[in-house]
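These are the residues of each chain, in order.
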Amino acid sequence: MAGRTVLRRVVEQMRADPRTLEGAVEAARAKSPPVAALPLHEVQRHIAGLLAVISSAFIDSSGSGDGLGDDVEVADRLAIDRALQGIPLAALLDGFQAGRRYVMLQLVERAKGAELSTDDLVDALYELDSYANEMQNRLIHSYRETELSLARTTHSVRIEALRALLNDGPAAHIAEAGLDGGRRYHCLIADLSDPRRAQQLEAVLTAPDGLAGMVDGYLCGVTGRLPGADAVAAILVIAAPAVPPGQLAGTYRLCRAALVSARRRGLRGLLPVTDLALAIAADAYPGLGEMLADDFLARLEPAEEFHRLLAETVLVYLSKGNRADLTAAALHVHPNTVKHRLRRFGELTGFDAAAPGGDVLGYAMRWSWSLHTWLGRRSPPPISSRTDQGECGNTLYGYQ
């Protein structure tokens with residue numbers, strides 16, 4: 001009985017420790033790439049539910065291992081979501097097993113420092129493992145039940161063909177998905193992974209000549225025409241130029257990369273994948289961005305607010321085609337303020353607003369890349385809360 005009390009205390013401590021959830025989530029995402037591709041909060045939500053149910057069953061039990069009872073429904077929600085998202089059952093189970101393994105090892109590690117017999121520890125591990133097995137069996141059952149119900153609809157059959165087509169499946173899937181091999185289609189991906197919320201937007205992305213549904217965890221559409229920008233203004237949607245069906249797989253991969261890059265930058269609305277070309281390249285080669293930042297911005301201190309203000313001003317200046325007036329309007333400051341900041345930034349870094357050598361595009365891209373990387377080294381305070389001050393505390397040029 002004393003051993004059981006000690007184990008309850010260990011499990012309660014693990015349940016209250018946020019590192020338990022963090023470690024289980026990290027283990028699941030590391031083992032299962034399809035799970036890792038989902039938004040972090042989506043994975044955390046489901047794993048937190050699983051951990052809560054299993055830990056509560058152990059804490060409330062006298063050791064008889066009566067099972068999870070009605071609480072096993074948490075597995076139903078996870079399995080149904082993953083089935084609707086198009087995440088394979090094997091990927092779901094890979095993530096579940098990795099998280100399970102992490103938690104068990106943590107329990108053994110923490111129990112080492114407690115006054116606990118080997119028999120008590122083995123009994124606890126056996127009971128927890130039985131709960132985990134019950135949860136896993138329920139996951140498999142609910143997933144397959146959902147698959148069977150989906151298989152009865154024509155739409156689900158088309159979506160399954162679309163999933164295969166976008167993941168480099170054979171050309172036969174073009175017709176199975178209801179697409180015309182002689183037409184061109186836009187590929188759309190929305191930053192929406194909750195199947196229930198996705199149903200509301202699905203109709204917006206679906207045109208008579210295309211279809212939309214969950215693919216690899218996200219709402220995806222293939223359509224001959226793009227939706228209106230106003231209809232998707234509240235959510236991030238990546239749109240690719242129209243391509244033949246045989247090129248949709250490669251286009252889809254670029255859209256997935258663009259989705260990640262746009263989300264990192266907090267973007268919203270309907271965004272062409274081509275507008276995110278530099279962001280995709282920068283995220284694909286972060287080491288090169290670090291080199292550029294170290295080379296170009298060595299004299300800047302990431303924790304210095306004024307340096308960050310200068311860097312952000314230059315970034316806007318480059319995005320506005322090296323126009324001080326447009327930069328000033330975007331930042332709501334006087335053009336003279338922008339010019340002063342450019343001079344100060346040039347003195348600190350060697351930046352030349354005139355783009356020496358005539359390589360205007362290349363010069364702007366290198367500096368933009370370095371600035372984005374450098375600014376990402378520490379989250380900046382909101383620009384609206386800052387005062388426009390120099391290193392001596394004087395308001396620049398007297399303009400706000």
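Small disclaimer: the values here were computed from a predicted structure and weren't measured.

As a further point, take the pairing of strand β4 (residues 236-239). The alternating pattern of β4 places Leu236 and Ile238 on one face and Val237 and Ala239 on the opposite face, and all of these are buried. Pairing of strand β1 (residues 186-190) with β4, which is carried by 3 bridges, proceeds in the antiparallel orientation. Paired with Ala190 across the bridge in β4 is Val237. Pairing between β4 and strand β5 (residues 269-272): 4 bridges, direction parallel. Considered in β5, the bridge of Ala239 is made with Pro272. Traced from β4 through helix α11 (residues 248-264) to β5, the parallel crossover comes out left-handed.

In this section: the sheet that holds strand β2 (residues 211-215). Pairing within the open sheet is mixed, and its 5 strands lie in the order β2-β3-β1-β4-β5. Two strands bound the open sheet, and with one partner strand each, they are β2 and β5. Here the strands of the sheet are splayed against their neighbours by 25 degrees on average, with no regard to which way each runs. Pairing analysis gives 5 bridges linking β2 to strand β3 (residues 218-223), with the strands arranged antiparallel. Residue Leu211 lies in a different strand from β3, and its bridge partner there is Val222. Contacts from helix α10 (residues 195-205) reach β1, β2 and β3 within the one sheet, and its direction differs from that of β3 by about 15 degrees.

Within this structure, the stated rule accounts for 6 aromatic pairs. Each ring, one from Phe345 and one from Phe351, has its centre 5.6 Å from the other, and the planes form 70 degrees; the classification is edge-to-face. Accessibility classification places Phe345 together with Phe351 in one group, the buried group. Judged by centre distance (6.2 Å) and plane angle (55 degrees), the rings of Tyr363 and Trp367 are tilted. Taken together, the residues Tyr363 and Trp367, both in helix α17 (residues 360-375) and 4 residues apart, mark about one turn of the helix.

Each pair of packed helices can be summarised by the angle the axes make with each other and by the distance between the axes. Packing of helix α6 (residues 89-111) against helix α7 (residues 118-150) brings their axes to within 11 Å, and their N-to-C directions diverge by 165 degrees. Considered as vectors, α6 and α7 are oriented roughly antiparallel to each other. Considering the relative orientation of α6 and α7, their crossing is right-handed. Two secondary-structure elements touch here, α6 through Leu89, Leu92, Leu93, Phe96, Gln97, Arg100, Met104, Leu107, Val108 and Ala111 and α7 through Leu121, Leu125, Leu128, Asp129, Ala132, Asn133, Met135, Gln136, Leu139, Ile140, Tyr143 and Arg144. Classifying every residue of the contact of α6 with α7 gives 16 nonpolar, 3 polar and 3 charged.

To continue, consider the confidence of the model for the chain. Here the chain averages 86 in pLDDT, and 92% of its residues register 70 or above. Scored below 50 in pLDDT, residues 379-400 makes 43 contacts in the model with residues more than four places away or belonging to other chains.

Attention shifts here to the packing of helix α14 (residues 305-319) against α17. Contact pair α14 / α17: the axes reach a minimum separation of 10 Å and the direction vectors enclose 145 degrees. By crossing handedness, the relation of α14 to α17 is classed as left-handed. For the pair α14 and α17, contact is made by His307, Arg308, Ala311, Glu312, Val314, Leu315 and Leu318 and by Ala364, Trp367, Ser368, Leu371, His372, Trp374 and Leu375, respectively. Residue composition of the contact of α14 with α17, by class: 9 nonpolar, 3 polar and 2 charged.

With respect to the secondary-structure elements, Gly346 resides in helix α16 (residues 335-349). When the C-alpha positions of Gly346 and Val314 are compared, they lie 9.8 Å apart, and in sequence the two are 32 residues distant.

To continue, consider unusual backbone geometry. For Asp168, which is not a glycine, the phi torsion comes out positive at approximately 65 degrees. Within the secondary structure, Asp168 is located in the loop between α8 (154-166) and α9 (172-176). Exposure remark for Asp168: the relative accessible area of 53% places this residue in the exposed category. For His332, which is not glycine, the phi torsion reads 60 degrees and is therefore positive. By the element assignment, His332 lies in the loop between α15 (324-331) and α16. By relative accessible area, His332 is classed as exposed at 67%.

The rules behind the values
Residues numbered from 1 in each chain as written. Predicted model: local features only at pLDDT ≥ 70, side-chain atom pairs only at ≥ 80, totals over all residues. Heavy atoms only, no water. Buried < 20%, exposed > 50% of the residue type's maximum accessible area, 1.4 Å probe, protein only. Helix = DSSP H or I, 4+ residues; strand = E, 2+ residues; numbered from the N terminus. Pairing = 2+ DSSP bridges. Right-handed = clockwise from strand over helix to strand, strands pointing away. Axes fitted to C-alpha atoms, helices over the stretch in contact; angles between N-to-C directions. Contact = heavy atoms within 4.5 Å. Phe/Tyr/Trp six-rings, centres within 6.5 Å; stacked < 30°, edge-to-face > 60°. Parallel < 35°, antiparallel > 145°, perpendicular 65-115°, else oblique. Left-handed = near helix turned anticlockwise from the far one by under 90°. Nonpolar A, V, L, I, M, F, W, Y, C, P; charged D, E, K, R; others polar. pLDDT = per-residue confidence, 0-100.

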